[in-house]
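Close look at the chain arrangement
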Amino acid sequence: MTLRLLFNEIRSAVQKISFDLGYPAVVFDVSESSKPEFGDISCNIGFLLAKPLKKRPSEISESIAALYRTQKGSLVSEVNVHQSGYLNFTANNSVLVKSILESSTEKNYGEFDLGKGAKTVVEHTSVNPNKALHIGHVRNIIIGDTVARILHKANYDVNVLNYVDDSGLQVADIIVGFLYGGFSKEPPQGQKFDHYCGDVVYVNITERYETEKSLAEKRVLVLKELEEGRSEIAKFGDEITRRVLEEQLKTCWRLGVTYDCLNFESQIIRSSLWKTVFDKMKSLGIIYLEGEGKNSGCWVIKSDSVEEDKILVRSNGIATYIAKDIPYAAWKLGILDDPFHYKQYIVQKNHQVLWQTTLEDTGTRLDFTGDRVITVIDSRQSRLQNIITKIISDFKSGKKSYMHLGYESVTLSPDTAKTLNLETGGKSVQMSGRKGIYVNADYVLDILGVKTYEEAKKRNPELDDASLVKIAEQVAVGALRYAMIKQDLDKIIVFDLTESLSLEGDTGPYIQYAHARAVRILEKAGKTPEFGVSFDCLTTIHERGLAKAIGRFDIQVEDSARNLSPKLIARYCHELAVSFNSFYEHVKVLTAESPEMINARLCLVWSFKETLRKALDLLGIDAPDRM
RNA sequence: GGGCCUGUAGCUCAGCAUGGAUAGAGUGCUGGACUUCUAAUCCAGUGGUCAAGGGAUCGAAGCCCUUCGGGCCCGCCA
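Residues numbered from 1 in each chain as written. Chains lettered and ligands numbered in written order. Predicted model: local features only at pLDDT ≥ 70, side-chain atom pairs only at ≥ 80, totals over all residues. Heavy atoms only, no water.

Going through the model one piece at a time under the given rule, you end up with 19 aromatic pairs. Each ring, one from Phe-193 and one from Tyr-196, has its centre 6.4 Å from the other, and the planes form 45 degrees; the classification is tilted. Taken together, the residues Phe-193 and Tyr-196, both in helix α7 (residues 193-209) and 3 residues apart, mark about one turn of the helix. In this structure, Phe-193 and Tyr-196 share a single accessibility class: buried. Here the aromatic rings of Phe-580 and Phe-583 are separated by 5.9 Å at their centres, their planes lie at 40 degrees, and the arrangement is tilted. With Phe-580 and Phe-583 both in helix α20 (residues 567-586) and 3 residues apart, this pair spans about one turn of that helix. Of the two residues, Phe-580 and Phe-583, neither departs from the other in class, the shared state being buried. By way of ring pairs, the aromatic residues Tyr-163, Tyr-328, Trp-331 and Phe-340 are connected into one cluster. Positioned over the ring face of Phe-193 is Arg-243, at 3.8 Å from the centre of the ring. Lys-280 extends its terminal NZ or CZ atom over the ring of Phe-395, reaching a point 5.0 Å from the ring centre. (Phe/Tyr/Trp six-rings, centres within 6.5 Å; stacked < 30°, edge-to-face > 60°. Helix = DSSP H or I, 4+ residues; strand = E, 2+ residues; numbered from the N terminus. Buried < 20%, exposed > 50% of the residue type's maximum accessible area, 1.4 Å probe, protein only. Lys NZ or Arg CZ within 6 Å of the ring centre and 35° of its normal.)

Below, the structure is given as structure tokens:
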């Protein structure tokens, strides 16, 4: 069992006693005590009944406590009433610790069946394939990947999609660069192709549009060719975007992120999806052909608020940006006949197959849709995403639901902007691919890797280079992933290059270090911990605290899945590591006073190590054995 | 003008959904702990008008209202 059972036992007992005493039913809280001196668990029922019963909270709690003491379950050893009015419980230490440690040996420890196998789609990344991933994209990718992992742990059947906008303006820009801007198709020696496209070609061409009119004209032409397909230019575009995509995916894989299927915008455009959705919207009266005013001749989405109507199809018959997203949203929910076949893109590092859509008949039909679709995009897109959500709900697709998981953007600190020759006057600055204002993800990982390599070498001079490189990369990725996920989605992250190199305090490496310490204790013990024994000897505050932290895992998984709040798992990992480090400093394991004590503490260390590893896995962070 | 987000310690942030015990971390600064299971660690100290004002409540950082500061979005661009 975990702490959850203790909560449940107390909750139902208090409920029953309150009923037996003739008290009115109230929704009361059973939660962990805010301070150790208050016991393990606290209940606020006294406060809630104070008014209806016209008694002091402590008086009510006392009457419940008196009865509780006569009929304690197996998990509670003490019931106390604090003068403030709280009803406090102390757990039966030996039963609690033993059951937590034993459950933690189960392979699926921490799983909680919130989803009941519900089919869920998580779409994230979806970066235009004309540039390398920068640190802002990384936040999207890490949020999406972490949410997918957590939902999976909470028993949702998750499909992860990456939408590739291979026929948009941004791709057209680099194609113009190659065909008419004089850029070689091959990057200079040693440069990744995506970096080359983004850092050199894209930025340069965008600048030249200002002065070279002919280039700007080519841009319109190329865009048209890309949308229509078939032509030589379109084929060339396809070749380029696939090369960029492959490089982008390498960065994602480096971050430990994998996908189930790649969706290509060009194929959505050329499929029947748009026509079907367009007709459906017409027949539902969601959209109409504007006959007058400034939008005359356009198909527009009716707005029921004070906002202006949103144009879906221009007067020249070409669909707008949002129009491409609606059929895709409907496809993700599986409310349209699937026009695609599927073929394998690659087998990813974790042996998971990455599929891609195709319009060719491959004979392979698969289902990557879900009854619930979560689209991870930064909150600047909220307005458009709300429109899509509204339209999809108008399709009346039963229990199916579409939602936008938004998050605030990543900006660059004044100091980091300065390294890009940008003077911001002390303010942080929004990134922009077009203007070249960004920090590439690979670059951050590389310099982090150099630092973590040095640190690892300093501490483990006897390790061979390959091991050190591996550890360094794991720690670098851990540092970056943790930094991107630990704070609330609604908070802007101001990225500072120097600060990102900090590996102490509330960071990924701090947590990974706790794991490595635990592994070393287990290694040095030279024997396997034996669990079928009494753990009554684990009584110090450090041992109890660590055991309770371990017992909280499934509750954290449930919370974070229910609220789509990945940071809760990050906070949990940190809390586990803090508990362990405190234990480590105050309690000796290998030199404990008796073999029984050594074994009991080894079990605790083992449980901690396994639980932390599983929790870190939800964050996509590796737990190295040494560092 | 409208919409979304945000304001808590010098700095970066938890806590707010579901009101309750002395508002917590990290970082910074000051001091202490490595012949010890790895000091990427631990311990102690320092640091707060929870933006401001009002309201409902026995009780507010949290709920309601108003105001102020900061960010983002509102194109026949994507």
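Compared with the 24 Å implied by 1.5 Å per residue over 17 residues, the 22 Å span of α7 between its first and last C-alpha is a close match. Along α7, the largest kink reaches about 30 degrees and is centred on Val-201. Of all the 17 residues making up α7, 12 are buried; the element is thus mostly covered by neighbouring parts of the structure. Taken together, the buried positions of α7 are occupied by Phe-193, Asp-194, His-195, Tyr-196, Cys-197, Gly-198, Val-201, Tyr-202, Val-203, Ile-205, Thr-206 and Tyr-209. Looking at the buried residues of α7, the elements they touch are α6 (169-180), α8 (213-228), α9 (232-254) and α15 (441-459). (Expected span 1.5 Å × (residues − 1). Bend = angle between axes of the 7 residues up to and from the residue. Contact = heavy atoms within 4.5 Å.)

Split into domains, chain A comes out as domain 1 (3-91), domain 2 (126-273 + 338-412), domain 3 (274-334), domain 4 (431-500) and domain 5 (508-618). Listed as interface residues are 10 residues of domain 4 and, on the opposing side, 9 residues of domain 5. Between domain 4 and domain 5 lies a buried interface of about 810 Å² when both sides are counted; carbon and sulfur atoms form 65% of it. In terms of surface lost to domain 5, no three residues of domain 4 exceed Val-475, Tyr-482 and Ile-485, which account for 51% of the buried area on that side. Where domain 4 touches domain 5, the interface holds 1 salt bridge. Of the charged contacts in the structure, one is a salt bridge between Asp-488 and Lys-567, with a shortest N-O distance of 2.5 Å. Between domain 4 and domain 5 we count 2 residue pairs in polar contact (both at pLDDT 80 or more) in total. The class makeup of the residues in the side of domain 4 that touches domain 5 is 5 nonpolar, 3 polar and 2 charged. (Domains from an automatic or database assignment. Buried area = accessible area lost by both parts, 1.4 Å probe. Salt bridge = Lys/Arg side-chain N within 4 Å of Asp/Glu carboxyl O. Polar contact = N/O pair within 3.5 Å; in protein donor to acceptor, adjacent residues only side chain to side chain. Nonpolar A, V, L, I, M, F, W, Y, C, P; charged D, E, K, R; others polar.)

The strand order across the open sheet built from 7 strands is β11-β12-β7-β6-β5-β13-β14, with neighbouring strands paired in mixed fashion. Both outer strands of the open sheet, β11 (341-347) and β14 (401-405), are each paired with one neighbouring strand and no more. Shown here is a sheet whose adjacent strand axes are inclined to one another by a mean of 25 degrees, direction ignored. Each of β5 (119-123), β6 (157-164), β13 (372-376) and β14 is contacted by helix α5 (residues 135-153), which is oriented at about 155 degrees to β13, the strand it contacts most. Lying on the sheet, helix α12 (residues 321-333) is in contact with β5, β6, β7 (261-264), β11, β13 and β14; it crosses β6 at an angle near 160 degrees. (Pairing = 2+ DSSP bridges. Axes fitted to C-alpha atoms, helices over the stretch in contact; angles between N-to-C directions.)

The next point concerns the pattern of salt bridges. A complete count under the given rule lists 47 salt bridges for this structure. Between Glu-247 and Lys-250 there is a salt bridge, and its shortest N-O distance comes to 3.0 Å. Separated by 3 residues within a single helix, Glu-247 and Lys-250 lie in helix α9, roughly one turn from each other. Residue Glu-247 is classed as buried on the basis of its relative accessible area, which comes to 12%. With its nearest N and O atoms 3.1 Å apart, the salt bridge here joins Arg-520 to Glu-523. Residue Arg-520 and its partner Glu-523 are located together in helix α17 (residues 508-525), separated by 3 residues, close to a single helical turn. Note on Glu-523: relative accessible area 42%, which makes it partly exposed. Taken together, the salt bridges that share partners define one network made up of Lys-192, Asp-194, Glu-247, Lys-250, Arg-254, Asp-442, Asp-446 and Glu-473.

Among the 64 residues in the neighbourhood of RNA strand B, the closest are listed as Tyr-86, Arg-459, Lys-491, Tyr-513 and Val-587. Sugar plus phosphate: this is where 64% of the atoms of RNA strand B within 4 Å of the protein reside. Between RNA strand B and Arg-517 there is a distance of 2.8 Å, counted from a sugar or linking oxygen to a side-chain nitrogen or oxygen. A distance of 2.5 Å separates a base nitrogen of RNA strand B from a polar backbone atom of Tyr-584. Looking at the surface near RNA strand B, the elements with two or more residues in it are α2 (45-53), α13 (382-394), α15, α17 and α20. Take the surface near RNA strand B: its biggest share by element is 8 residues, from α20. Taken together, the residues of the surface near RNA strand B break down into 22 nonpolar, 17 polar and 25 charged. (Near = heavy atom within 4 Å.)

In this section: a nonpolar patch on the surface. On the surface, a cluster of nonpolar side chains totalling about 240 Å² of accessible area is made up of Phe-47, Leu-48 and Tyr-86. Within the secondary structure layout, Tyr-86 lies in the loop between β3 (76-81) and β4 (87-91). (Patch = residues over 30% accessible without salt bridge, like charges linked within 9 Å, V, L, I, M, F, W, Y side chains within 5 Å. Areas by Shrake-Rupley, 256 points an atom, 1.4 Å probe, with all protein chains shown as cover.)

Before going further, it helps to examine unusual backbone geometry. In the Ramachandran plot, Arg-230 falls in the positive-phi region, its phi being about 70 degrees despite a non-glycine side chain. Counting through the fold element by element, Arg-230 comes out in the loop between α8 and α9. Here Arg-230 falls in the exposed class, since its relative accessible area comes to 76%. For Leu-564, which is not glycine, the phi torsion reads 45 degrees and is therefore positive. Looking at where Leu-564 falls in the secondary structure, it is placed in the loop between α19 (553-562) and α20.

Here the focus is the pairing of β4. Most of β4 is tucked away, with 5 of its 5 residues classed as buried. In the sheet, strand β2 (residues 41-43) pairs with β4 via 3 bridges, with the strands oriented antiparallel. The residue bridging Ser-42 from the neighbouring strand is Asn-88, located in β4. Bridge analysis of β3 against β4 gives 5 bridges, and the strand direction is antiparallel. The residue bridging Val-81 from the neighbouring strand is Leu-87, located in β4. Between the end of β3 and the start of β4, which pair antiparallel, lie 5 residues, with Gly-85 showing a positive phi angle near 120 degrees.

On to helix α16 (residues 465-485). The end-to-end C-alpha separation of α16 is 30 Å, in line with the 30 Å expected for 21 residues at 1.5 Å each. Regarding α16, its N-cap is Asp-464, as a side-chain oxygen of that residue lies 3.3 Å from the backbone nitrogen of Ala-466 further along.

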